[in-house]
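Structure assessment
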Amino acid sequence: HGRVDAAWRGRAYGNLEVPLSPEGEQDTLRLAAALATWEIAALACSPLVRAERLGRLLAEDSGAQLQVVADLRELDRGNWQGLSLAEYAERWAAEAEAYHRDPYTWRGTGGESDAELTARSWPVLEELVRKAAGGTAVLVAHYNVIRVLVAKALGLPPASSHNLRNGQGHATLLVDAVDLPGAGSL
């Protein structure tokens, strides 16, 4: 999704309903125009307005049926949602040791763990790919959803997922390299 409203930048908003900024609306229109050149066989998005906006534009442009799926909403940050990033960092410093003992199941925020996020979002991706039947599947979601899905798809250890970056207003492309001419053993 595109960049969020300025009032929410610098805050941990997690799965709260947060609007797009004017720049975020432009990000959304730019992404929709770029993806309009693709033949989309299956399309799903988060129900949070910041992601659903792009999902609806893609459905209009492509004619693909849009699935709005609750399991694609952003990570629930529990009682840390809405905190300033400074306060978030302070709480994080106090929890870092517990996190590093088991980063995949850590729930120090009182919200979801990465394991729970993966468990609810991975089946959506699998179903979307099956529905696409070899065509292009497009999933519109949020940073942490994309992070855990890409890590799992690439076979990365869950804690390594934090090394992946996908900024607001950008996309991640996963391709079955077997189908790419000249890809060799990639």
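Provided above is the structure to which this section pertains.
So, here is what we can say about the structure in this document. (Residues numbered from 1 in each chain as written. Predicted model: local features only at pLDDT ≥ 70, side-chain atom pairs only at ≥ 80, totals over all residues. Heavy atoms only, no water.)

1. Comments concerning the overall build of the protein
Scanning the protein from N- to C-terminus turns up 5 helices and 3 strands. N-terminal to C-terminal, the α/β element order of the protein is α-β-α-β-α-α-β-α. Rg of the C-alpha trace for the protein: 17 Å, near the compact-globule value of 16 Å for 186 residues, within the 12% margin. Considering the protein as a whole, with its 186 residues, one finds that 42% of them fall into the buried category. Of all intrachain contacts in the protein linking residues separated by at least 6 positions in sequence, the fraction that spans at least 24 positions is 65%. Entry remark: accessible area of the protein is about 9,900 Å², with carbon and sulfur atoms responsible for 54%. (Helix = DSSP H or I, 4+ residues; strand = E, 2+ residues; numbered from the N terminus. Rg over C-alpha atoms; globule rule 2.2 N^0.38 Å. Buried < 20%, exposed > 50% of the residue type's maximum accessible area, 1.4 Å probe, protein only. Contact = heavy atoms within 4.5 Å. Areas by Shrake-Rupley, 256 points an atom, 1.4 Å probe, with all protein chains shown as cover.)

2. Some points on the pattern of salt bridges
Applying the stated criterion across every chain yields a total of 12 salt bridges. A salt bridge links Arg3 to Asp27, with the shortest nitrogen-to-oxygen separation between them at 2.9 Å. Residue Arg3 is found in the segment before helix 1 (22-35), and its partner Asp27 is found in helix 1; the two are separated by 24 residues along the sequence. We classify Asp27 as buried; its relative accessible area is 5%. Residues Arg56 and Glu52 are paired through a salt bridge, measuring 2.5 Å at the closest nitrogen-oxygen approach. Placement of the pair is Arg56 and Glu52 together in helix 2 (residues 49-62), with a separation of 4 residues, close to one helical turn. For Arg56, a relative accessible area of 43% corresponds to the partly exposed category. Among the charged side chains, a network of salt bridges with common partners joins Arg3, Asp27 and Arg30. (Salt bridge = Lys/Arg side-chain N within 4 Å of Asp/Glu carboxyl O.)

3. Some points on a nonpolar patch on the surface
Nonpolar side chains collect at one region of the surface, where Trp38, Leu173 and Val175 lie side by side and expose about 290 Å² of accessible area between them. Within the secondary structure, Val175 sits in the segment after helix 5 (143-154). On the basis of relative accessible area, Val175 is assigned to the partly exposed category, the value being 43%. (Patch = residues over 30% accessible without salt bridge, like charges linked within 9 Å, V, L, I, M, F, W, Y side chains within 5 Å.)

4. Observations concerning helix 2
The end-to-end C-alpha distance of helix 2, which contains 14 residues, comes to 20 Å, matching closely the 20 Å that a straight helix rising 1.5 Å per residue would cover. For helix 2, every residue scored as buried is listed here: Arg50, Ala51, Glu52, Leu54, Gly55, Leu57, Leu58 and Ala59. Buried residues along helix 2 sit against helix 1, strand 1 (40-45), strand 2 (66-68) and strand 3 (136-140). (Expected span 1.5 Å × (residues − 1).)

5. Side note on the packing of helix 4 (residues 114-132) against helix 5
The contact between helix 4 and helix 5 brings their axes to 9 Å, and the two run at 75°. The angle between helix 4 and helix 5 places the two elements in the roughly perpendicular class. Between helix 4 and helix 5, the residues in contact are Asp114, Leu117, Thr118, Ser121, Trp122 and Leu125 and Asn144, Val145, Arg147, Val148, Leu149, Lys152 and Ala153, respectively. For the contact of helix 4 with helix 5, the class distribution of residues is 7 nonpolar, 3 polar and 3 charged. (Axes fitted to C-alpha atoms, helices over the stretch in contact; angles between N-to-C directions. Parallel < 35°, antiparallel > 145°, perpendicular 65-115°, else oblique. Nonpolar A, V, L, I, M, F, W, Y, C, P; charged D, E, K, R; others polar.)

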